[in-house]
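Breakdown of the fold
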Amino acid sequence: MVQKKSLTEDAQEVFRAIALIELGARMQVLESELTLSRDRMIRLYREIKGVSPPKGMLPFSADWYMTWLANIHASLFYNTYVFLKHEAGCSHLDALTKGYRLYLEHCKHSDAEPVLDLTRAWTLVRFFDADILQLTPCCRCSGKFVAHKHDLQNNVVCGACQPPSRAGKTKRAAIAKHNREAAQAA
Ligand SMILES: [Zn+2]
């Protein structure tokens, strides 16, 4: 059955698709978020990216978000997403695209290479929606970080407050800065 959409609704869907593709969304993300036909989305993808969309499965494991650096990046993105959705009243899709843009800006300002791609960010939200992940408060900086649903909730420390020794000097400096800012905010 062909879904009847007004011209403006249709245009809005195209704009949403363009925004997602520009941010690096895979086809699976577009297909589950938008109502455009698969053929149109593939055409849009080719026009914007100049290549066909990559095939293959999406990353499925929630464990990816638990490694030290990925956890810091995922926590940064998800806190922004939650703020946009619950405090700023954004829809899920707006919170995803705006939150992801803010995350990229934050990386740029901190001279950090983005670790989380748009598809990982989208999958992260799905894991939260499916109750696989939760936000856990850090007992040092009181920031909230991404953790498995049934992990301990009390007296736990986030990755930014407790870097692995291999993280090196630059990252320790960044963490010291994070701690100072957290102390000021408290
Ligand atoms: Zn912390």
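Here, residues in each chain are numbered from 1, in the same order as that chain's written sequence. Local features in this predicted model are restricted to residues whose pLDDT is 70 or higher, and side-chain atom pairs enter the listing and the counts only when it is 80 or higher, whereas totals over whole chains, interfaces and linings include all residues. Hydrogens and waters are ignored; side-chain quantities use all the structure's heavy atoms.

Looking at the overall build of the chain
Each helix is a run of H or I in the DSSP string that is no shorter than four residues. Each strand is a run of E no shorter than two, and both are numbered from the N terminus. Within the chain, the regular secondary structure consists of seven helices and two strands. Start at the N end of the chain and walk to the C end: the helices and strands fall as α-α-α-α-α-α-β-β-α. Counting the 186 residues in the chain, one finds 38% classified as buried. We get accessible surface area from the Shrake-Rupley algorithm with a probe of 1.4 Å; when it comes to residues, only the shown protein chains can shield them. Here the chain displays about 11,400 Å² of accessible surface, and carbon together with sulfur accounts for 53% of that area. Type-normalised accessible area, obtained with a 1.4 Å probe on protein chains alone, sets the label of each residue: buried when under 20%, exposed when over 50%, and partly exposed for intermediate values.

Observations regarding the nonpolar core
Within this scheme, the nonpolar core is defined by two criteria: the residues are buried Ala, Val, Leu, Ile, Met, Phe, Trp, Tyr or Cys, and they are joined through side-chain atoms within 4.5 Å. Among the nonpolar cores identified, the biggest contains 40 residues, and Phe77, Leu96 and Leu124 are the most heavily contacted of them. For this core, the secondary structure elements donating two or more residues are α1 (7-22), α2 (27-33), α3 (38-49), α4 (68-87), α5 (92-109) and α6 (118-129). Looking at which element gives the most residues to this core, the answer is α6, with seven residues. There are two domains that each give this core at least three residues, and those are domain 1 (7-49) and domain 2 (62-185). If you look at the next biggest cluster of nonpolar residues, it comprises eight residues, including Cys141, Ala147, Val156 and Cys161. Domains are outlined according to an automatic or database domain assignment.

Thoughts on the pattern of salt bridges
Every case where a carboxyl oxygen of Asp or Glu lies within 4 Å of a side-chain nitrogen of Lys or Arg is listed as a salt bridge. By the definition in use, this model includes four salt bridges. Of the charged contacts, one joins Asp10 and Arg40 as a salt bridge, the two residues approaching to 2.9 Å between their closest N and O atoms. You can see Asp10 sitting in helix α1 and its partner Arg40 sitting in helix α3, a full 30 residues away along the chain. Salt-bridge contacts for Glu13 lead to Arg16; the nearest nitrogen and oxygen are separated by 2.8 Å. Here Arg16 and Glu13 lie together in helix α1, a separation of three residues that amounts to about one turn.

Observations concerning the coordination of the zinc ion
Nitrogen, oxygen and sulfur within 2.8 Å of a metal are treated as its donors, or within 3.2 Å for sodium, potassium and calcium (Na, K, Ca); water is not counted, so a site can appear incomplete. At 2.3 to 2.4 Å from the zinc ion lie its protein donor atoms, namely Cys138 (SG), Cys141 (SG), Cys158 (SG) and Cys161 (SG). Square planar and octahedral sites, with four and six donors, are those where opposite donors lie more than 155 degrees apart and all other angles lie between 65 and 115, tetrahedral sites have four donors with every angle between 85 and 135 degrees, and the rest are irregular. Geometry at the zinc ion is tetrahedral, judged from its four donor atoms and the angles of 105 to 113 degrees they form at the metal. Of note, the zinc ion draws all its donor residues from one chain, in the sequence arrangement C-x2-C-x16-C-x2-C. Of this pair, Cys141 sits in the loop between β1 (133-137) and β2 (144-148) while Cys161 sits in the loop between β2 and α7 (168-185); the two residues are 20 residues apart in sequence, bridging distant segments of the chain. Accessibility assignment for this pair places Cys141 and Cys161 in one class, buried.

Quick notes on the packing of α1 against α3
Note on geometry: axes are lines fitted to C-alpha atoms, helical ones only across the stretch in contact, with angles between N-to-C directions running from 0 to 180 degrees. Following both chains from N to C, one finds α1 and α3 inclined at 50 degrees, their axes separated by 10 Å at the closest point. Classified by the interaxial angle, the pair formed by α1 and α3 is oblique. The crossing of α1 and α3 is right-handed. Contacts between α1 and α3 involve Asp10, Val14, Ala17, Ile18, Ile21 and Glu22 from the former and Arg40, Met41, Leu44, Tyr45, Ile48 and Lys49 from the latter. Residue classes in the contact of α1 with α3 are distributed as eight nonpolar, no polar and four charged. To sort the angles, those under 35 degrees are grouped as roughly parallel, those over 145 as roughly antiparallel, those from 65 to 115 as roughly perpendicular, and the leftovers as oblique. Rotating anticlockwise by less than a right angle from the far helix to the near helix defines a left-handed crossing, while the corresponding clockwise rotation defines a right-handed one. We call two residues in contact whenever any of their non-hydrogen atoms come within 4.5 Å of each other. Side-chain classes follow a simple rule in which Ala, Val, Leu, Ile, Met, Phe, Trp, Tyr, Cys and Pro form the nonpolar group, Asp, Glu, Lys and Arg form the charged group, and the remainder, Gly included, forms the polar group.

Regarding α1
Taking 1.5 Å of rise per residue, 16 residues should cover 22 Å, and α1 covers 22 Å from first to last C-alpha, within 8% of that figure. By the burial criterion, the buried members of α1 are Asp10, Glu13, Val14, Ala17, Ala19, Leu20 and Ile21. Buried residues in α1 make contact with α2, α3, α5 and α6. Taken from the residues just after α1, Gly24 is the one with a positive phi, measuring 105 degrees. Multiplying 1.5 Å by the residue count of a helix minus one yields the expected span of that helix.

Considerations on the UniProt feature "binding site: Zn(2+)" (unreviewed entry) in the chain
UniProt positions are given in the numbering used here, feature names are shortened, and annotations may be inferred rather than shown by experiment. As annotated by UniProt and renumbered to match this structure, "binding site: Zn(2+)" (unreviewed entry) occupies Cys138, Cys141, Cys158 and Cys161. In sequence the annotated residues extend across 24 residues, while in space they remain close, none of their C-alpha pairs exceeding 8.4 Å. The class for Cys158 is buried, based on a relative accessible area of 7%.

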